[in-house]
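# Structural features, examined
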Amino acid sequence: MHSIIDRSEWAEEPDKWLGEVQLGAHGGNLCLIFNLMAPGQGPRLHKHPYPETFIIRAGRALFTVGDETVEAGPGKIVVVPADTPHKFINPGPDVLETIDIHERGSFITEWLE
């Protein structure tokens, strides 16, 4: 059996790649987050019991991964190991567009700040 998931089921706005989907409900083992973030925006420090992968499609992201700070721009992929505290922010000046891939069919997030 296969699933086809319509954008209307996960997108926050019908014409934007913005929203999230937990694929475990559809037989998959991933969660996807499609982000569009203005300068200064980003999630606070957190961690997951599984790896998280970030694909930077546009803009720039300034990541904190454990004790390191790393900047990534369009075309870069950042992989954060399981149980590693991380966060990122859009330092500007453009909109940051990412696809965040959680290696699990449902989200498990421990917020640290």
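Going by the structure above, here's the rest.
Predicted model only: the values in this text are computed from it and were never measured. (Residues numbered from 1 in each chain as written. Predicted model: local features only at pLDDT ≥ 70, side-chain atom pairs only at ≥ 80, totals over all residues. Heavy atoms only, no water.)

## Describing the overall build of the protein chain
Per the secondary structure count, the protein chain includes 0 helices and 10 strands. Burial status across the protein chain gives 36% buried among its 113 residues. Considering only contacts within the protein chain whose residues lie at least 6 apart along the sequence, 66% involve residues at least 24 apart. Only carbon and sulfur atoms are counted for the fraction: they give 52% of the accessible area of the protein chain, which is about 6,600 Å². The averaged location of the 17 negative side-chain charges in the protein chain is 2 Å from the averaged location of its 9 positive side-chain charges. (Helix = DSSP H or I, 4+ residues; strand = E, 2+ residues; numbered from the N terminus. Buried < 20%, exposed > 50% of the residue type's maximum accessible area, 1.4 Å probe, protein only. Contact = heavy atoms within 4.5 Å. Areas by Shrake-Rupley, 256 points an atom, 1.4 Å probe, with all protein chains shown as cover. Lys, Arg positive; Asp, Glu negative; His and termini not counted. Charge placed at Lys NZ, Arg CZ, Asp CG, Glu CD.)

## Focus: the sheet that holds strand β7 (residues 77–80)
The pairing of strands in a sheet happens through backbone hydrogen bonds and is either parallel or antiparallel. What the 5 strands build is an open sheet, ordered β1-β2-β9-β4-β7; its pairing is antiparallel. Single-partner strands in this sheet number two, and they are β1 (19–22) and β7. The average angle at which neighbouring strand axes cross in this sheet is 15 degrees, direction not considered. One ladder, built from 7 bridges, connects strand β2 (residues 31–37) with strand β9 (residues 96–102); its direction is antiparallel. Bridge pairing in β9 places Met37 opposite Leu96. (Pairing = 2+ DSSP bridges. Axes fitted to C-alpha atoms, helices over the stretch in contact; angles between N-to-C directions.)

## Things to note about the pairing of strand β6 (residues 68–72)
Side-chain positions along a regular strand alternate between the two faces of the sheet. When strand β5 (residues 61–65) meets β6, the two strands line up antiparallel, connected through 5 bridges. Its bridge partner being in β6, Phe63 is matched across the sheet by Val70. Between β5 and β6, which pair antiparallel and follow one another directly, the connecting turn spans 2 residues, one of which, Gly66, has a positive phi of 60 degrees.

## Notes on the side chain of Glu52
With respect to the helices and strands, the residue Glu52 is situated in strand β4 (residues 52–58). Buried within the structure, Glu52 lacks any salt-bridge partner; its nearest side chain of opposite charge belongs to Arg104, at an N-O separation of 12 Å. Side-chain polar atoms of Glu52 contact the side chain of His48, separated by 2.8 Å. Within the structure, the side chain of Glu52 is placed 2.9 Å from the side chain of His102, a separation counted as a polar contact. If near-sequence neighbours (up to four positions away) are discounted, Glu52 is found in contact with His46, Val78, Val79, Val80, His86, Asp100, Ile101 and His102. (Salt bridge = Lys/Arg side-chain N within 4 Å of Asp/Glu carboxyl O. Polar contact = N/O pair within 3.5 Å; in protein donor to acceptor, adjacent residues only side chain to side chain.)

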